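Now for the letters of each chain:
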Amino acid sequence: MHYKSPEEVLKELNTSHFGLSNEEAKRRLSIYGPNEIEERKESLLSIFLRQYTNPLIVILIIAGIFAFFLGDWHDSVVVLGLVLINGVIGFYQELKAKASIESLKRLTKQKVTVIREGVEQEVDASLLVPGDLILLSEGDVVPADARLLEDSGLLVDEAILTGESVPVEKYSHIVLEEDTPIYERLNCVFKGTVVVRGKAKAVVYATGKNTQMGLLASKLEEKPPESPLTTAIGSFSKKWLIALIVIISLLVLIGIVQGRDWKFLVFFGIAQLVSAVPEGLPIVITIALVVGALRLAKNKVLVRHLPAVETLGSATFICSDKTGTITEGRLKVESYYPLDEEALFLCSALCNDSDGKKGDAVDLALLEWLDELGFNWLGVRQAFERVWEHPFDTRRRFMAVVVKNGPSYELYIKGAFESLLSMAENPPNGLDKIHDSMAEKGLRVLAFGKAILDGIPESIDSVKLEIVGLVGFLDPPKEGVKEAVEKAKRAGIRLIMITGDNMLTAKAIASMVGIYREGDLAIEGKKMSQYSDDELYELLKRVRVVARALPEDKYRIVKVLQSKGEIVAVTGDGVNDAPALRVANLGVAMGSGTQVSKDASAMIITDNNLSVIVQAIMIGRRISANIAKVIRYLLSTNVFEILYNSLAILTGKPLPLYPTHILWINLVTDGVQDKAYPFTKFEGDPFREKPKKPQKIFLGKKQLFYVIYNGTILALGHFILFSYLLEKYPYEIALTISFLSAVVSQWPVGIQEIGSKPFLLNPISYIKLNPYIYLGISIGMFLQFLAMSILSEFFRVAQLNAEQLGYALIMPLVVFVALELRKWLEYLYEAYSRQLENEQNTKRD
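The structure presented is a predicted model; accordingly, all values stated were derived computationally and were not measured.

Peer 1: Go over the overall build of the protein chain with me, naming the residues and quoting the values.
Peer 2: Within the protein chain, the secondary structure is distributed over 33 helices and 21 strands. Classification of the 845 residues of the protein chain by burial places 55% in the buried group. Contacts in the protein chain between residues at least 24 apart in sequence constitute 74% of all its contacts with a sequence separation of at least 6. Per element, the accessible surface of the protein chain, about 36900 Å² overall, is 58% carbon and sulfur.

This is how it looks when you write it as structure tokens:
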């Protein structure tokens, strides 16, 4: 409707300046529906059941059922109870996410003055229909998208929709081009925005889901992407379950062919399957995420969705808004150019409606500036009596006052440079160049003027001014943001500042904090439509600033980056940010932001500062590293048990571990020691590492190599030892030593997997990485002592003498040395690579 005149709009909507009749309004309401944002309904049962479709959850359910049929009701209750709790938590989180739609509904639930049958009446905003005439005044929330018919100094705050930090002047008389973007549709008002000043009459052309706000709400229904960890574990779980079933089935069949007791083999196979499923993994991951969430809370980050904690560590892009995150969200005088300094100060104090605590952002900034200069503006106001004023005029963009100074009258005026220039008498040459120079730095520049009068003017147009100076305002960067940007860049994270502000301001702020530098690109949101998704992705790798961005621009940026495998963190505080926050890998809302943005986000930062987010990423990387370590440890145990038993069956030897032994090993090693991993400290500086793909962190080639290496060393060593013991001792003694050795050998694996550097490089420092792991080992020792003594009959183990106990300690020592050797080789190779790289850099310099 912005590209049509008021009369054309009225005609198209089949209405008039008298408004609709009540009957017609009812008819249209039945056609278009209530002026509300509808939510797509889904039954609570389907939402709840969907929580149990994850492959890892399915494996756990199978493991719990198997454990029950094995008679191990304790494990069964623990596993199935965990599954139920996880499902309930996921169900709760999904219901909370849907609250974003409800927040939008609450935001726009209101009464509105409408003209129907030529009479003003107040109706519920939900009853508005296209064609209704509405009256707007200062402080009103616009109830629907509407085309202005009349206006009087209308100024609208559209930050909630467009991100533009400065209120927009609106005019009913202008007709715009059809492809004019939302932030330039000066003849329209939009649902959810706020009237700052002035009055208007407008005709509604869109209600409910058809409004710009409604379009945003529809995007909020889109399901956010799964966390990288969830994706990686889900993919692995499918493959791991298939591999386990195939391997264990083959082992059982081979055993039956060899003439072994088939009932015992089936029992063994089920026990092996239960054991090989890392049922403790979700518990440990949850502990790691909770520990991370608590750490983040101390750093002013509140976590709404636990998996988001891990996502932090994988972030490759941060798409940040400007106002309130990078900048302080308030204006400050950055520079000024005085032609008459005293008059400039007087004008700043007198042509000002603020009391120093509240008021217009420009007026507050001027008084703060005068305070810094030591100018007594309160005293000046007492000395000069205001006798006349011309309130801020949104059309002509200035404010003026007349004060009495003894017998004379003095007029002071401030406003847009172009406005005052047209009223000035003999303006100084070159002042426009100075103005442009300040504007190019991203400053919002106002001109200040003065005139000596004989009395109160009949019209402001009759006054001839003397321009006394220019003042440039800036929304200053927050403390610590520049350092945070440098840390993020050093960590390999790309930052894009996305804002509704103009290009000059955006580039200036981005330059101040180090986001934008010479050679980087900056584009306007409307130009993004010129590029395909592939072209835009290549462009975004070099873009650091997106100015005049609309919600759909921010949304598209996130989706394009994600389509290329990037992990995207998005910050925002307004309704306009909600769609991007919702679909981002990590949506981070500001504590001072709208409820809609908070509901659409996974995290909320109470201190609205980019530095907090960057610091949180460091914590996220620590969490990711710890989760990777516990995955490596647990899978090493599983691979060991499968290989060890497989070798025995394939070679026709007796089983080196009973089914009860396999389940017990999980308890005293996996079930105890793994719980300490979430408390491991980070080695080195996380900001000196580049982002890694989540699949590589958790289940990449290097990770799988470590698992296979650890499992193979354990399995081969134990198989050789067991073969020797069978020749030397009776089967019961060999079995007991094998059982004890298998348990104790897990402990050096747990110790070695705490850190990536060799243990013997600095033992004291290494132990400090995680002292809790040794507490876990102590608990494991106590439990194993119980198994070997009090519960010996249950586990079918024999009493061992000193010599036999010595054999049980051989493999733990071998395992420790083998893992230490692997780490030394890696450490020396990395040191050599760094030295080689430094030498090459020195030669280039």
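Peer 1: Describe the side chain of Ser 354, with residues and values.
Peer 2: Tracing the backbone through its elements, the reader meets Ser 354 in the loop between helix 12 (341-350) and helix 13 (361-373). Residues contacting Ser 354, with those up to four places away along its chain left out, are Gly 359, Asp 363, Leu 364, Leu 367 and Arg 381.

Peer 1: I'd like to hear about unusual backbone geometry, residue by residue, with values.
Peer 2: Positive phi outside glycine occurs at Asn 426, with the angle close to 55 degrees. If you trace the backbone, Asn 426 turns up in the loop between helix 15 (417-423) and helix 16 (431-440). Exposure remark for Asn 426: the relative accessible area of 70% places this residue in the exposed category. If you check the backbone angles, Arg 548 has positive phi at about 50 degrees while not being a glycine. Take Arg 548: it is sitting in the loop between strand 18 (543-547) and helix 20 (551-563).

Peer 1: Lay out the environment of Thr 311 with the relevant residues and their values.
Peer 2: Mapped onto the fold, Thr 311 is located in helix 11 (residues 307-312). Linking Thr 311 and Ile 567, residues 256 residues apart in sequence, is a C-alpha distance of 7.9 Å.

Peer 1: Explain the packing of aromatic side chains residue by residue, including any values.
Peer 2: With the rule as written, the count across this model stands at 15 aromatic pairs. For the pair Tyr 644 and Phe 722, a centre-to-centre distance of 6.4 Å together with 85 degrees between the ring planes defines the contact as edge-to-face. Here Tyr 644, found in helix 23 (residues 610-650), pairs with Phe 722, found in helix 26 (residues 701-728); they are 78 residues apart in sequence, far enough to count as distant. In this structure, Tyr 644 and Phe 722 share a single accessibility class: buried. Taking the centre distance of 5.6 Å and the plane angle of 75 degrees together, the rings of Phe 759 and Phe 816 count as edge-to-face. Taken together, the residues Phe 759 in the loop between helix 28 (746-752) and helix 29 (763-769) and Phe 816 in helix 33 (residues 810-844) connect sequence positions 57 residues apart. As far as burial versus exposure is concerned, Phe 759 and Phe 816 are alike and both buried. Put simply, the rings of Tyr 336, Phe 345, Trp 369 and Phe 375 pair up and form one aromatic cluster. The side chain of Arg 822 reaches across the aromatic face of Tyr 706, ending 4.1 Å from its centre.

Peer 1: Explain the sheet that holds strand 8 (residues 301-303) to me, and be specific about the residues and the numbers.
Peer 2: In spatial order, the strands read 8-21-20-19-9-16-18-17; together these eight strands make up an open sheet with mixed pairing. At either margin of the open sheet sits one strand with a lone partner, and together these are strand 8 and strand 17 (521-524). Averaged over all pairs of adjacent strands, the angle between their axes in this sheet comes to 20 degrees, without regard to strand direction. Bridge count between strand 19 (residues 568-572) and strand 20 (residues 586-590): four bridges; the pairing is parallel. Bridged to Val 570 within strand 20 is Gly 587.

Peer 1: Outline the environment of Tyr 633, supporting the account with residue identities and numerical values.
Peer 2: For Tyr 633, the location among the structural elements is in helix 23. A sequence separation of 77 residues divides Tyr 633 from Asn 710, and the C-alpha atoms of the two residues are 8.7 Å apart.

Peer 1: Before we move on, could you go through the pattern of salt bridges and cite the residues and values that matter?
Peer 2: Per the counting criterion, the structure on display carries 18 salt bridges. Salt-bridge contacts for Glu 538 lead to Lys 541; the nearest nitrogen and oxygen are separated by 3.2 Å. In the salt-bridge network here, residues are joined through shared partners; they are Glu 24, Arg 27 and Arg 28.

Peer 1: Give a detailed account of a negative patch on the surface, specifying residues and quantitative values.
Peer 2: Taken together, Glu 418, Asp 432, Asp 436 and Glu 440 make up a surface patch of like negative charges. Residue contributions to the negative patch peak at three residues, all from helix 16. Take Glu 418: it is sitting in helix 15. On the basis of relative accessibility, which here comes to 47%, the residue Glu 418 falls in the partly exposed class.

Peer 1: Please provide a residue-by-residue account of the nonpolar core, values included.
Peer 2: Formed by 130 residues in total, the largest nonpolar core has its most connected members in Ile 318, Leu 411, Leu 610 and Phe 739. Ranked by residues supplied to this core, first place goes to helix 23 with 19 residues. Not counting residues up to four positions away in its chain, the partners in contact with Phe 739 are Leu 657, His 661, Trp 664, Ile 665, Gln 784, Met 788, Phe 795 and Val 797. Of all hydrophobic cores here, the second largest spans 29 residues; its members include Leu 344, Val 362, Ala 365 and Tyr 412.

Peer 1: Quick one: what's the story with helix 16, residue by residue and with numbers?
Peer 2: Along helix 16, the residues classified as buried are Leu 431, His 435, Met 438 and Ala 439. Viewed end-on, helix 16 has its buried residues packed into an arc of 100 degrees, placing them on one side of the element. Across helix 16 from its buried face, at more than 90 degrees, point the exposed residues Lys 433 and Glu 440. Looking at the buried residues of helix 16, the elements they touch are strand 10 (332-338), helix 15, strand 14 (444-453), strand 15 (466-474) and helix 18 (503-512). Once helix 16 ends, the next one or two residues include Gly 442, with phi positive near 85 degrees.

Peer 1: So what's going on with a nonpolar patch on the surface? Which residues, and what values?
Peer 2: Together, Ile 242, Val 246, Leu 250, Leu 253, Ile 256 and Trp 262 give the surface a local cluster of nonpolar side chains, amounting to about 610 Å² of exposed area. For the nonpolar patch, the element with the highest residue contribution is helix 8 (residues 228-257), accounting for five residues. Secondary-structure assignment places Ile 242 in helix 8. Relative accessible area serves as the criterion here: at 56%, Ile 242 is assigned to the exposed category.

Peer 1: Can you lay out the confidence of the model for the protein chain for me, pointing to particular residues and giving the numbers?
Peer 2: The predicted model of the protein chain has a mean per-residue pLDDT of 82, with 84% of residues at 70 or higher. By mean pLDDT, the top-scoring element of the protein chain is helix 12 (96), and the lowest-scoring one is helix 5 (residues 73-107) (59).

Peer 1: Account for the packing of helix 17 (residues 481-490) against helix 23, with residues named and values stated.
Peer 2: Taken N-terminus to C-terminus, the directions of helix 17 and helix 23 make an angle of 30 degrees; their axes are 8 Å apart at the nearest point. Here the hand of the crossing between helix 17 and helix 23 comes out left-handed. The residues of helix 23 that touch helix 17, namely those facing Val 481, Ala 484, Val 485, Lys 487 and Ala 488, are Leu 610, Ser 611, Val 614 and Gln 615. Split into classes, the residues belonging to the contact of helix 17 with helix 23 amount to six nonpolar, two polar and one charged.

Peer 1: Could you give me a rundown of the side chain of Ser 745, with the residues and numbers involved?
Peer 2: With respect to the secondary-structure elements, Ser 745 resides in the loop between helix 27 (731-744) and helix 28. What makes Ser 745 buried here is its relative accessible area of 0%. At 3.5 Å, the side chain of Ser 745 and the side chain of His 718 are in polar contact. A distance of 2.7 Å separates a polar atom in the side chain of Ser 745 from the backbone oxygen of Ser 741. Ignoring anything within four residues of it in the chain, the contact list for Ser 745 reads Leu 714, His 718, Met 811, Pro 812 and Val 815.

Peer 1: So, the packing of helix 23 against helix 26: which residues are in play, and what are the values?
Peer 2: Put simply, helix 23 and helix 26 touch, their axes get as near as 7 Å, and they point 35 degrees apart. Judged by the sense of rotation from one axis to the other, the crossing of helix 23 with helix 26 is right-handed. Where helix 23 abuts helix 26, its residues Ala 628, Ile 631, Arg 632, Leu 635, Ser 636, Val 639, Phe 640, Leu 643, Tyr 644, Leu 647 and Ala 648 lie against Gln 703, Tyr 706, Val 707, Asn 710, Gly 711, Thr 712, Leu 714, Ala 715, Leu 716, His 718, Phe 719 and Phe 722. When grouped by side-chain class, the residues that make up the contact of helix 23 with helix 26 number 16 nonpolar, six polar and one charged.

What counts, and where the lines are drawn
Residues numbered from 1 in each chain as written. Predicted model: local features only at pLDDT ≥ 70, side-chain atom pairs only at ≥ 80, totals over all residues. Heavy atoms only, no water. Helix = DSSP H or I, 4+ residues; strand = E, 2+ residues; numbered from the N terminus. Buried < 20%, exposed > 50% of the residue type's maximum accessible area, 1.4 Å probe, protein only. Contact = heavy atoms within 4.5 Å. Areas by Shrake-Rupley, 256 points an atom, 1.4 Å probe, with all protein chains shown as cover. Phe/Tyr/Trp six-rings, centres within 6.5 Å; stacked < 30°, edge-to-face > 60°. Lys NZ or Arg CZ within 6 Å of the ring centre and 35° of its normal. Pairing = 2+ DSSP bridges. Axes fitted to C-alpha atoms, helices over the stretch in contact; angles between N-to-C directions. Salt bridge = Lys/Arg side-chain N within 4 Å of Asp/Glu carboxyl O. Patch = residues over 30% accessible without salt bridge, like charges linked within 9 Å, V, L, I, M, F, W, Y side chains within 5 Å. Lys, Arg positive; Asp, Glu negative; His and termini not counted. Charge placed at Lys NZ, Arg CZ, Asp CG, Glu CD. Core = buried A, V, L, I, M, F, W, Y, C linked by side-chain atoms within 4.5 Å. Arc of directions from axis to C-beta. pLDDT = per-residue confidence, 0-100. Left-handed = near helix turned anticlockwise from the far one by under 90°. Nonpolar A, V, L, I, M, F, W, Y, C, P; charged D, E, K, R; others polar. Polar contact = N/O pair within 3.5 Å; in protein donor to acceptor, adjacent residues only side chain to side chain.

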